[in-house]
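Working through the structure, step by step
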There are 2 protein chains.
Amino acid sequence: MPAQAPDTLSDRVRYADFHSRIMTAEQAAALVPHGANVGMSGFTGAGYPKALPQAIAARATAEHAAGRPYRINVWTGASTAPELDGALAEADAIGLRLPFNTDPRCRQKINAGSIDFIDMHLSHVAQQAWFGFLGPMQVAVIEVLGVTEDGHLIPSTAVGNNKTWLEIADRVILEVNTRPPAEMAGMHDIYYGTAIPPRRVPIALTHADDRIGQPYLKVDPAKVIAVVPTHQGDRDNTFAQPDENSNLIAAAIIDFLAHEMKAGRLPQEMLPIQSGVGNVANAVLAGLLTGPFENLLGFTEVLQDGMLDLLRAGKMSRASATAISLSRTAYEDFERNIGFYRDRIILRPQEISNHPELVRRLGVIAMNSMIEADIYGNINSTHIMGSAMMNGIGGSGDFARNGYLSFFVTPSVAKGGAISCIVPMVSHVDHTEHDTQIIVTEQGLADLRGLSPRQRAQVIIDRCAHPDYRPMLQDYFDRARAGAAQHTPHLLGEALSWHQRCLETGSMRKQP
Amino acid sequence: MPAQAPDTLSDRVRYADFHSRIMTAEQAAALVPHGANVGMSGFTGAGYPKALPQAIAARATAEHAAGRPYRINVWTGASTAPELDGALAEADAIGLRLPFNTDPRCRQKINAGSIDFIDMHLSHVAQQAWFGFLGPMQVAVIEVLGVTEDGHLIPSTAVGNNKTWLEIADRVILEVNTRPPAEMAGMHDIYYGTAIPPRRVPIALTHADDRIGQPYLKVDPAKVIAVVPTHQGDRDNTFAQPDENSNLIAAAIIDFLAHEMKAGRLPQEMLPIQSGVGNVANAVLAGLLTGPFENLLGFTEVLQDGMLDLLRAGKMSRASATAISLSRTAYEDFERNIGFYRDRIILRPQEISNHPELVRRLGVIAMNSMIEADIYGNINSTHIMGSAMMNGIGGSGDFARNGYLSFFVTPSVAKGGAISCIVPMVSHVDHTEHDTQIIVTEQGLADLRGLSPRQRAQVIIDRCAHPDYRPMLQDYFDRARAGAAQHTPHLLGEALSWHQRCLETGSMRKQP
């Protein structure tokens, strides 16, 4: 394609009424009051406002220097980037944060107790805000690619909760980002059929790639108090190349899926794939590139490089998500081939991408990473040693509870072997034994379907635990089985001792 | 109504082909092989087969006496009664049991480790069996009220998983119970629109009282190997009169609902009610009798006396469930006024009564009891002191995760005060912090919506804990807050010490 001059702001803002509301980020930041609940765009490091959060952070710093309080409560789709969570956390400008965070500076303040964080199922956020359960939203700050002649908003690389934020916020600030290609217009599918009970109706989506909405976001123009220009790409979401462990996990999952199909427990057409974020997830997607399945569909919350590869290779025909979170290389490919990808990618509000109704109906195959599992199949996705927040549950609960098959994956050990990711009892539960079907580590795969807790324990110890920790786990389980209550045999005085030892000594290994 | 002669078996079995298959329970029990997976009807002590399980138990006892093995795996809708779980457990005739049990003899063997028990979300059971995840089903044993001229089955007091069991079982044994009134025909709404993905479609139910199916169950007549007569009512599901604590909890919930409606966070039409099983649940329903809400709808898994009272009083217009589980007195009223109740009660398969799609769409208000909650809002619904199974999660997860509002209720202490039902960390998690909105004890109500874990802890300690344990909880929380990680402050070496102390001393109180 011939090189084109980048779009100007006036190319992108075609709604004349908004021209008079164009201002700098600093000017707009002055319109966000201390104490406000602020809904921001952004999901998995994509589609977040770039300029305004930094301007708000600067304002907070100035206010604090002048001895005045300044904090806002930040609601997003999911994770953002240093320009948003990092800058605001650094400036002590966040009071409460929800529903997900991966920024290290923000995480540090959450775990230091200076930011209150609410970790929510991503399918619950929009509706709870709409119901009024989280309080009023004073301001929404939404990145868009442009505004159409009739005042509709062209969504950016993430839809997230933007539809709901635009509806419930008292005032709206638009960040118009001229960096992503205008040709993205048309990729999005914004469903306006949701409602507050008792006025809800079935969501008429029966295939992962159905379009049920419209390409644009609506906004009441009277609420738009500022239009701020930016020209900047999303954060670079590069992951390391899959390592040996990730490849082993991926191979086990693909073998298992092929086996299930042969056994008649998985339809020949295959079912839509959900894949969490990270190296193992990307390794599984890479494995599908050479695997036996064709005409795959994606129904997931975030499209990473691996799904783009599957689309490009023709192994996956279409993918539905709420955000595109790519490495620089993959993003460049996306931009260069926007026509190809626009026909194959559908970006929806996260209330739809993660909707329990749809995940169950479509029979999604869910694959999510975890921090640790216990021998009975309870999963910790969020907490380090019971107290410290890592990132949040994200959509893993939406998909694991409602999917057709649900995998939880992790290497069997962490920190060079000092931590076993299979433990007697998890230090925090995000997914209960009722929601866990298959656990996979580089050691192997434990299929827990149709097993009682005692049966699960033996399979998890035998198949998933690292050999260094297997005897310790077996010893715990054997001694617990000598106790009085045998449904889920535990030694409560010892169940969390591995974590306690790790806190005290830096390792779960028994000291010599 | 004039007294009528009870129906005879031939009044009820109008499908001529089945007459030759009528036999005694003992004869039919001989057709259930050792090692079989057997799907039985039954949900919350209603609609379970009465004769055959006892005959199977007798056969097992005889086989064991002769030195031969005999065990079956028993899958039901939910709980049954002494004639089923009690008799089979007593005879050591159960290998594996799923998905719920309340029988004390069966529970004793589960906790002794001689019965494997799988505790499942009730909305997951039918689909997982249909997918083949639980293995093949050799025999279904289903209580029905009769068989129509064209071979359709008139369901009994519970629908449970019967539709699915009849479809997937290799062979079917019908227990035709002439005791419940024939006039129940027409109450049931059996939906045949479910499918295995990728062929699922939206479930076209938008009001709790919509009828979307047909009144009868289908069966392939060629699979029916026996028709066994019985004439016996369901177990007597009498609950104690609500005590002072239950009334306090009920009053707090009703006040809260009225307040939410006034605040505009609950629609004026009110939303459908789900109510778990037990005294507190019945007290809440009793409270609604004199409460401010009219034209209530029920969308729940089991109808107990309290909902019948609401229907009779005209406060509730219609109720949807999968089973009717009544006291003797209420059952007699139900029988006498079957015409009235048949128009107001809809019994559905549990896959529909508990369906995540429907619970979320309708915006159900979920009220479920629990064993204990921790200060961060994690809920234990199933385990005593971490290892021993009580009953199971039942439908509480289906409703709590997907409902509009979700209450978990318990008295603040148990065993005369020796056990605090609010603890530093629950000994087993069935509902995570992500799924818990409101916790209620007789001490008060903690509204956790929009609160971070630390905020939740203070509210739960202040509002819900018993005064005897409040200082101990506050002390734990304060000391945990002095630790390094402040998102969910815990002292892992101490988090389960209350349970451990209770196991050792019989009380969670600190010894003087």
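Definitions and cut-offs
- Residues numbered from 1 in each chain as written.
- Chains lettered and ligands numbered in written order.
- Predicted model: local features only at pLDDT ≥ 70, side-chain atom pairs only at ≥ 80, totals over all residues.
- Heavy atoms only, no water.
- UniProt positions renumbered as here; feature names shortened; annotations may be inferred.
- Helix = DSSP H or I, 4+ residues; strand = E, 2+ residues; numbered from the N terminus.
- Buried < 20%, exposed > 50% of the residue type's maximum accessible area, 1.4 Å probe, protein only.
- Contact = heavy atoms within 4.5 Å.
- Pairing = 2+ DSSP bridges.
- Right-handed = clockwise from strand over helix to strand, strands pointing away.

So, the UniProt feature "binding site: CoA" (unreviewed entry) in chain A
Residues and elements named next belong to chain A. In the numbering used here, UniProt assigns the feature "binding site: CoA" (unreviewed entry) to Gly 276, Val 277, Gly 278, Asn 279, Val 280, Ile 371, Asn 391, Gly 395 and Lys 415. Sequence-wise these annotated residues cover 140 residues; spatially they are dispersed, their C-alpha atoms as much as 25.7 Å apart. On the secondary structure map, Gly 276 appears in the loop between β9 (273-275) and α9 (279-290). Judged by its relative accessible area of 9%, Gly 276 is buried. Ignoring anything within four residues of it in the chain, the contact list for Gly 276 reads Ala 281, Gln 304, Met 367 and Asn 368. Residue placement: Asn 391 occurs in the loop between β19 (388-389) and α15 (396-402).

Quick look at the sheet that holds strand β17 (residues 379-380) of chain A
Pairing within the open sheet is mixed, and its three strands lie in the order β17-β16-β23 (chain A). At either margin of the open sheet sits one strand with a lone partner, and together these are β17 and β23 (422-423) of chain A.

Quick word on the pairing of strand β2 (residues 72-75) of chain B
Along a regular strand, successive side chains alternate from one face of the sheet to the other. Residue and element names in this part refer to chain B. Of the two faces of β2, both are covered, the one formed by Ile 72 and Val 74 as well as the one formed by Asn 73 and Trp 75. As paired elements, strand β1 (residues 37-40) and β2 share three bridges and run parallel to each other. Opposite Val 38, over in β2, you have Val 74 as the bridge partner. As a crossover connection, the stretch from β1 through helix α3 (residues 52-65) into β2 is right-handed.

Looking at the pairing of strand β24 (residues 438-441) of chain B
All names here are of chain B. In β24, alternate side chains face the same way, and those of Ile 438 and Val 440 on one face and Ile 439 and Thr 441 on the other are all buried. Where β24 and strand β25 (residues 444-447) come together, four bridges link them in antiparallel fashion. In the sheet register, Ile 438 faces β25, and the bridge partner there is Asp 447. Remark: two residues form the turn of the hairpin made by β24 and β25, two consecutive strands paired antiparallel.

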